[in-house]
Amino acid sequence: MSATSDSLVIARRNLIRMGRIPEMLVFGLIQPIMFVVLFTYVFGGSIQVGASNSTQAYREFLMAGIFAQTVTFATAGAGAGIADDMHKGLIDRFRSLPMARGAVLTGRTLADLVQTALTLVVLAVVALVVGWRTHENLGKVLAGFGVLLLLGYAFSWIGALIGLSVRTPEAATSGGLIWLFPLTFISNAFVDANQMPAFLRHIAEWNPFSATVQASRELFGNLPPGFETPDAWPMQHPVWASLIWSVVIILVFRTLAVRKYRRAAG
Amino acid sequence: MPGAIHAEGLVKTFGDVRALDGVDLDVPEGTVLGLLGPNGAGKTTAVRCLTTLLRPDSGKALVAGVDVLKHPDAVRRSIGLSGQFAAVDEYLTGRENLQMVGQLYQMRSKAAKVRATELLEQFNLADAADRPAKTYSGGMRRRLDLAAALVVSPPVMFMDEPTTGLDPRNRQQLWEVIRQLVLGGTTLLLTTQYLEEADHLAHDIAVVDHGRVIAKGTSDQLKARTGGERVEVVVHEREHIATAVEVLRGFGKGEVTVEEHTRRLTVPVAGGARLLAEVIRELDIRGIEMDDVGLRRPTLDDVFLSLTGHVAETAARDEQDEPDEQDEQDESPADAGKEAVK
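Everything quoted here is computed from the prediction, not taken from an experiment.

What counts, and where the lines are drawn
Residue numbering note: each chain is counted from 1, following its sequence as written. Labels are handed out in written order, letters beginning with A for the chains and numbers beginning with 1 for the ligands. pLDDT decides what is reported in this predicted model: residues at 70 or higher carry local features, side-chain atom pairs at 80 or more are listed and counted, and totals for whole chains, interfaces and linings draw on all residues regardless. Put simply, DSSP marks the helices as runs of H or I at least four residues long and the strands as runs of E at least two long, and each gets a number from the N terminus on. Using C-beta atoms placed from the backbone, we call a residue buried if 20 or more other C-beta atoms fall within 10 Å of its own, exposed if 12 or fewer do, and partly exposed for counts in between. We call two residues in contact when their backbone-placed C-beta atoms lie within 7 Å. Here, expected helix span is obtained from the residue count minus one, scaled by 1.5 Å. For each domain, the first and last residues come from an automatic or database assignment. Here an axis means a line fitted to C-alpha atoms, over the contact stretch when the element is a helix, while the angle between two N-to-C directions is reported on a 0 to 180 degree scale. In this scheme, roughly parallel covers angles under 35 degrees and roughly antiparallel covers those over 145, while 65 to 115 is roughly perpendicular and the rest are oblique. By the definition used in this description, the sense in which the near helix is turned from the far one sets the handedness, with an anticlockwise turn below a right angle giving left-handed and a clockwise turn giving right-handed. Residues were grouped as follows: Ala, Val, Leu, Ile, Met, Phe, Trp, Tyr, Cys and Pro as nonpolar; Asp, Glu, Lys and Arg as charged; and all remaining residues, including Gly, as polar. UniProt positions are given in the numbering used here, feature names are shortened, and annotations may be inferred rather than shown by experiment. pLDDT measures how confident the predictor is about each residue, on a scale from 0 to 100. Pairing between two strands is assigned when DSSP locates at least 2 bridges connecting them. Handedness of a crossover is defined as follows: orient the strands so they point away from the viewer, and if the path from the first strand over the helix to the second runs clockwise, the crossover is right-handed.

**Quick word on the environment of V104 of chain A**
All names here are of chain A.
Then comes step 1: Among the structural elements, V104 can be located in helix α6 (residues 103–129).
Then comes step 2: Accessibility expressed as a C-beta count within 10 Å gives 28 for V104, which makes it buried.
Then comes step 3: V104 sits ten residues away from F94 along the chain, and the two C-alpha atoms are 7.5 Å apart.
Then comes step 4: When sequence neighbours within four positions are dropped, the list of residues in contact with V104 reads I10, I91, F94 and Y261.

**Thoughts on helix α10 (residues 272–285) of chain B**
Because each turn of an α-helix spans 3.6 residues, side chains separated by three or four positions in sequence point in the same direction.
Then comes step 1: Taking 1.5 Å as the rise per residue, α10 of chain B with 14 residues should run 20 Å; its terminal C-alpha atoms sit 20 Å apart, in good agreement.
Then comes step 2: Backbone geometry just after α10 of chain B places G287 of chain B at a positive phi near 75°.

**Focus: the domain arrangement of chain B**
Then comes step 1: Per the domain assignment, the segments making up chain B are domain 1 (5–224) and domain 2 (230–296).
Then comes step 2: The C-alpha centroid of domain 2 of chain B is placed 43 Å from the C-alpha centroid of domain 1 of chain B.

**Focus on the packing of helix α3 (residues 55–72) of chain A against helix α7 (residues 138–165) of chain A**
Each pair of packed helices can be described by the angle between their axes along with the distance between the axes.
All names here are of chain A.
Then comes step 1: As a packed pair, α3 and α7 sit with axes 8 Å apart at the nearest point and diverge in direction by 30°. Here α7 runs roughly parallel to α3, going by the angle between their axes. In this structure, the crossing between α3 and α7 has a hand that is right-handed. On α7, the residues that touch F67, A68, V71 and T72 of α3 are L148, L149, L151, G152 and F155.
Then comes step 2: Looking at side-chain class alone, the contact of α3 with α7 contains seven nonpolar, two polar and no charged residues.

**Things to note about the UniProt feature "transmembrane region" (unreviewed entry) in chain A**
Then comes step 1: As recorded in UniProt, the sites labelled "transmembrane region" (unreviewed entry) are residues 21–41, 61–83, 104–130, 142–164, 171–191 and 239–257 of chain A.
Then comes step 2: Spanning residues 142–164 of chain A, this segment combines 100% helix with 0% strand, and its end C-alpha atoms are found 33 Å apart.

**Describing the interface of chain B and chain A**
Then comes step 1: Taken residue by residue, the interface counts 25 residues in chain B and 20 residues in chain A.
Then comes step 2: Residue assignment for the side of chain B that touches chain A shows that the elements contributing at least two residues are α2 (72–78), β6 (79–82) and α3 (94–104) of chain B.
Then comes step 3: It is α3 of chain B that contributes the most residues to the side of chain B that touches chain A, five residues altogether.
Then comes step 4: The residue inventory of the side of chain B that touches chain A, partitioned by class, reads 14 nonpolar, six polar and five charged.

**Quick word on the confidence of the model for chain B**
Residue and element names in this part refer to chain B.
Then comes step 1: The predicted model of chain B has a mean per-residue pLDDT of 84, with 89% of residues at 70 or higher.
Then comes step 2: Taking the mean pLDDT of every element in chain B, the minimum, 39, falls on helix α12 (residues 314–318) and the maximum, 96, on α3.
Then comes step 3: Confidence drops under a pLDDT of 50 for residues 313–342, and excluding neighbours within four residues, the segment shows 53 contacts in the predicted structure.
Then comes step 4: Scoring the predicted complex yields pTM 0.81 and, for the interface, ipTM 0.87.

**Observations regarding the sheet that holds β6 of chain B**
Residues and elements named next belong to chain B.
Then comes step 1: Across the sheet, six strands lie side by side as β6-β7-β8-β3-β9-β10; this open sheet has mixed pairing. Each edge of the sheet is formed by a strand with only one pairing partner; in this case those strands are β6 and β10 (212–217). For this sheet the average axis-to-axis angle between neighbouring strands, irrespective of direction, equals 15°.
Then comes step 2: Here strand β9 (residues 204–209) pairs with β10 via five bridges, running antiparallel. What sits directly across from A206, in β10, is K216.
Then comes step 3: The strands touched by helix α5 (residues 138–149) are β6 and β7 (156–160); relative to β6, the strand with the most contacts, the crossing angle is about 165°.

**Some remarks on the packing of α7 of chain A against helix α8 (residues 169–178) of chain A**
Residue and element names in this part refer to chain A.
Then comes step 1: As a packed pair, α7 and α8 sit with axes 9 Å apart at the nearest point and diverge in direction by 140°. Considering the angle they form, α7 stands oblique to α8. For the pair α7 and α8, the crossing hand works out as right-handed. Of the residues in α8, those in contact with G159, I162 and G163 of α7 are A172, G175 and G176.
Then comes step 2: By residue class, the composition of the contact of α7 with α8 is two nonpolar, four polar and no charged.

**Looking at the pairing of β7 of chain B**
All names here are of chain B.
Then comes step 1: Most of β7 sits out of view: five of its five residues are buried.
Then comes step 2: By the alternation rule, side chains of β7 split into V156, F158 and D160 and M157 and M159, which are all buried.
Then comes step 3: Pairing of β6 with β7, which is carried by four bridges, proceeds in the parallel orientation. Within β7, the residue paired with S82 across the bridge is M159.
Then comes step 4: In the sheet, β7 pairs with strand β8 (residues 187–192) via five bridges, with the strands oriented parallel. Note on β8: the bridge partner recorded for M157 is L188.
Then comes step 5: Regarding the hand of the β-α-β motif, the stretch spanning β7, helix α6 (residues 168–183) and β8 is right-handed.

Here it is, written out as structure tokens:
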């Protein structure tokens with residue numbers, strides 16, 4: 001019984017499904033693309049970041065935020081997929097087979113990671129078209145995408161737990177999305193958190209999501225001129241903070257989700 | 001020596017509901033046990049406990065000689081499970097589904113491929129092998145689900161309501177497949193709410209109600225418990241009922257039951273076909289015109305009624321909300337107020 005090969009069999013299954021339901025990928029792209037366009041052209045002129053109020057500075061500042069928000073939406077995908085498998089009786093079948101216990105969930109989250117990566121590629125192209133530019137070497141830029149993908153992978157384990165805990169795929173979708181809005185908006189993703197009231201600013205600075213946004217923004221070289229990095233530790237060491245948060249989320253939620261899968265499925 | 005499936009005192013509660021209230025079962029190797037009962041009786045919970053999907057609160061279970069609670073993984077290697085709802089991935093083709101299950105039974109990818117092709121032939125799905133299961137008819141999906149349970153030819157099989165929702169033709173086909181399987185030596189536990197199905201397929205029947213086994217035996221033994229055969233006559237004219245009752249009383253060995261509005265008369269008899277011929281002759285001599293006449297053996301419906309005091313009435317209603325049946329609600333007694341009579 002091999003955890004790796006079982007996970008790959010399940011990941012392959014989910015990727016085949018993805019290819020046969022391309023709508024999922026397309027719909028997953030519409031929202032972030034809309035955000036790129038809305039924030040760039042509608043709000044872009046009136047949002048000030050750092051010392052600059054140029055539209056170009058905001059455009060570059062914004063993209064890390066939208067990328068990060070997009071990868072967290074993997075939560076909803078993983079949750080809905082797993083809830084659907086439960087609902088259809090597939091989880092029962094898997095659980096009656098002599099396979100590694102965590103493989104159904106690991107396979108699912110790996111497939112979601114592939115989907116998230118594809119989404120990011122398309123989104124990066126759109127961002128380039130509307131004027132986003134990076135100002136660091138290729139290694140750093142790729143590392144910027146790396147921390148984003150790791151965050152997405154971590155969040156898909158939260159989604160897995162939600163999916164195993166609700167009764168219907170619909171509940172998993174909405175349950176997987178609702179809390180993402182406050183999480184992603186009370187952060188540095190779309191605005192300069194320095195301009196928030198003190199109370200919200202503290203939340204934003206310690207928000208795990210902000211750490212990844214700050215990390216990728218730094219790695220892309222997209223911090224606006226005159227930007228004052230807050231004193232909070234995660235903002236001063238965003239790459240470390242992002243890695244630590246993601247790893248902690250994976251460890252905690254993977255443990256909870258696998259336990260839930262073993263005990264309660266069906 | 002315990003059978004290939006053996007359970008003692010299985011108890012499982014969901015909140016206040018005792019879905020299993022001390023179930024004992026024993027299925028000798030190579031035989032079929034039909035677990036018969038209405039929805040909510042505890043059939044599915046019993047199967048889920050025996051297939052490692054659910055941990056019973058107390059009790060003991062052995063499958064293929066292995067303790068289910070202590071060595072669930074070893075049990076999983078020796079069982080096949082075919083669920084109430086065709087548990088196949090509808091976006092994968094039939095072939096991909098079977099290959100995936102084979103690989104998850106730890107077969108090598110190539111061996112799983114060969115086995116998938118074999119099963120697709122055997123289950124008459126070769127033409128549809130490379131179409132997503134989404135496009136399959138209900139009967140085809142059930143066959144694919146069953147094929148998935150048979151990938152490693154497990155010695156012990158569990159089928160939870162294998163034909164629920166199938167039309168008669170597909171049901172017959174599936175019965176044939178199941179018969180072949182049993183001829184090959186597989187031990188099978190089958191749950192059903194179709195009394196006819198248990199009658200056709202099972203060597204032994206355990207009738208379940210409210211989480212308990214309330215009767216066990218062969219189909220014939222259970223039928224014998226409800227009393228033997230009877231003659232049933234439907235007379236053409238209402239005014240002939242009185243005369244017919246008189247005739248039947250002469251042949252019967254018990255009370256004549258009369259249903260006025262259907263003009264149906266029933267009487268318990270002993271004497272079989274020869275007696276039936278005499279009854280018909282006598283009725284004919286008295287000039288009574290008959291719409292229908294026959295010798296009836298008790299059905300399992302009668303058995304269920306006489307054992308539980310209520311008919312298996314929840315079946316029709318619960319078929320409408322199939323998706324819910326998978327969760328615990330399925331196992332809440334549909335009519336908790338009623339008692340088993342007898």
